[in-house]
Amino acid sequence: MFNLIFCEATNTTMIGDSNHDDFPTAWIEGDLRLAGILDSRMIGLLKAIDESGSINQAAKQVGLSYKGAWQMIERANNLAPKVLIATTTGGSKGGGTRLTASGQALLQLFTRLEQQHRQFLRQLNQNLVDDPEMMLLLKPLAIKTSATNQLFGTITRIQPGAINAEVIVELKGGEQIVADLSLSTLDRLELNIGKDVLLLINAPEIGIVIDFNRQQFSARNCLPGRVIRLQRDDVDSQVALRLPGGDSLIATITQASDESLGLKCDMPVNAVFKSNAVMLAVAALEESHPPAQ
C-alpha cells in the first residue's frame, strides 16, 4: 500500500487513494474499446436496455439524455452487420426495446473481455509494485495537491533545535532547500538523512528579488534562476524560473512588484521563501495485496 503524509510546521495530513480493486494507487490504467466505438459507456447502455427494456430508463441509468442514447443505438445498429437493438411499438405490452441475439452476444463478449482486461491491469500494476526503481520514479507523480511547486529531493542534513528542526533537502540539480518542522513531526515521519521526499511550495509564498543580500531578508531559502515565462493579469503576475539544476519554480507576485523589478524572459533573478513555507511529502510503503487470481 502507498500512503502520503504531508507536513507543514506542526501539522500533518495523510492522503490515500483506494479506487482500485487491489492497489491503493492504480499506476497503470486503461479503457477497453472494441472496433473504435464500443466502449464501457456503450456497453453500459446495452446492459441497461437489457435489464429495463426501455431506452428512456436505460438512458437515465447511464447518465445520458434520451436523444443521446438513441443516437448511440442508431450508430451501433448502422455500423454492425446485424441489428443489435430492436424496438417494438404498441401491442398488449405497450412496446419496448430489447437486445437481439447479436446484441446479447456482444454484451457477453465485452463482459468477458472486461474481466480479462482487469486481470491484465492488475498484473501490470503488481509488476510495477515489485520494481523498486520504477516505484521511485512513479511515486512522486501520484501525489494530488494544490501546491503549485513540487520538487523531488533527498534529505542531506537535519539540524534539531529545542522545539523545531531544520531539514535540509538537496534537489536533483544540487540546490538546497531548508524546511522547518517540529521535532514531533520529524519523529513521526521517521525523517532521516538519505530519505527521498517531495517539497511542496505554494506560488504566493515565493518572492522574486534581483539583487539579493542575505542580511536584508529573513527568508531562509534563496534560489538563483532565470525567468523562462511570465503570465500577467490585471492584479498578479506569475513568474516561472528555471533553476541551474533544471528544476522549475513558479512564483505569484503583484503586478506592481513585477513592474518595479522590470522582469523579462531570460533575466537572472532569485526566488526567496521562508523555511516554514515548505511542506514535505513523504511516501510510505506498506504491504500490498497480491493480484487477484
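Anything mentioned here points back to the structure above.
From a predicted model like this one, the values you see are computed outputs, not experimental measurements.

### Side note on the overall build of the protein chain
And step 1. A tally of regular secondary structure across the protein chain gives 7 helices and 16 strands.
And step 2. Counting all 293 residues of the protein chain, 40% fall into the buried class.
And step 3. When the accessible surface of the protein chain is summed, it comes to about 16400 Å², and 49% of that surface belongs to carbon and sulfur atoms.

### Looking at unusual backbone geometry
And step 1. With a phi close to 75°, Asp-266 is a non-glycine residue in the positive phi region.
And step 2. Tracing the chain through its elements places Asp-266 in the loop between helix H7 (255-261) and strand S15 (268-273).

### So, the nonpolar core
And step 1. In this structure, Ile-177, Leu-191, Leu-199, Leu-249, Phe-273, Val-278 and Leu-280 are the most contacted members of the largest nonpolar core, which totals 33 residues.
And step 2. For this core, the leading source of residues is strand S8 (residues 164-171), giving 4 residues.
And step 3. Those residues in contact with Leu-249, other than ones at most four positions away along the chain, are Asn-149, Leu-151, Ile-206, Leu-223, Val-239, Ala-240, Leu-241, Leu-243, Ala-271 and Phe-273.

### Here we look at the sheet that holds strand S14 (residues 248-254)
The strands making up a sheet are joined through hydrogen bonds of the backbone, oriented either antiparallel or parallel.
And step 1. With antiparallel pairing, the 5 strands of this open sheet are ordered in space as S11-S15-S12-S13-S14. For this open sheet the edge positions go to strand S11 (207-209) and S14, each flanked by a neighbour on one side alone. When the angles between neighbouring strand axes are averaged without regard to direction, this sheet yields 45°.
And step 2. Across 7 bridges, the pairing between strand S13 (residues 236-242) and S14 is antiparallel. Bridge pairing in S14 links Gln-238 to Thr-252.

### Overview of the pairing of strand S7 (residues 149-160)
And step 1. Both S7 and strand S10 (residues 196-201) contribute to a ladder of 6 bridges, which runs antiparallel. Paired with Leu-151 across the strands is Leu-199, a residue of S10.
And step 2. Sheet analysis places S7 next to S8, joined by 7 bridges and oriented antiparallel. Its bridge partner lying in S8, Gln-159 is registered against Glu-166.
And step 3. The loop that links S7 with its antiparallel partner S8 comprises 3 residues.

### Describing the pattern of salt bridges
And step 1. Applying the stated criterion across every chain yields a total of 4 salt bridges.
And step 2. With a shortest N-O distance of 2.5 Å, Arg-232 and Asp-258 are connected by a salt bridge. Of the two residues, Arg-232 sits in strand S12 (residues 221-232) while Asp-258 sits in helix H7, which places them 26 residues apart along the sequence.
And step 3. On the accessibility criterion, Asp-258 (2% relative accessible area) is buried.

Conventions and cut-offs
- Residues numbered from 1 in each chain as written.
- Predicted model: local features only at pLDDT ≥ 70, side-chain atom pairs only at ≥ 80, totals over all residues.
- Heavy atoms only, no water.
- Helix = DSSP H or I, 4+ residues; strand = E, 2+ residues; numbered from the N terminus.
- Buried < 20%, exposed > 50% of the residue type's maximum accessible area, 1.4 Å probe, protein only.
- Areas by Shrake-Rupley, 256 points an atom, 1.4 Å probe, with all protein chains shown as cover.
- Core = buried A, V, L, I, M, F, W, Y, C linked by side-chain atoms within 4.5 Å.
- Contact = heavy atoms within 4.5 Å.
- Pairing = 2+ DSSP bridges.
- Axes fitted to C-alpha atoms, helices over the stretch in contact; angles between N-to-C directions.
- Salt bridge = Lys/Arg side-chain N within 4 Å of Asp/Glu carboxyl O.

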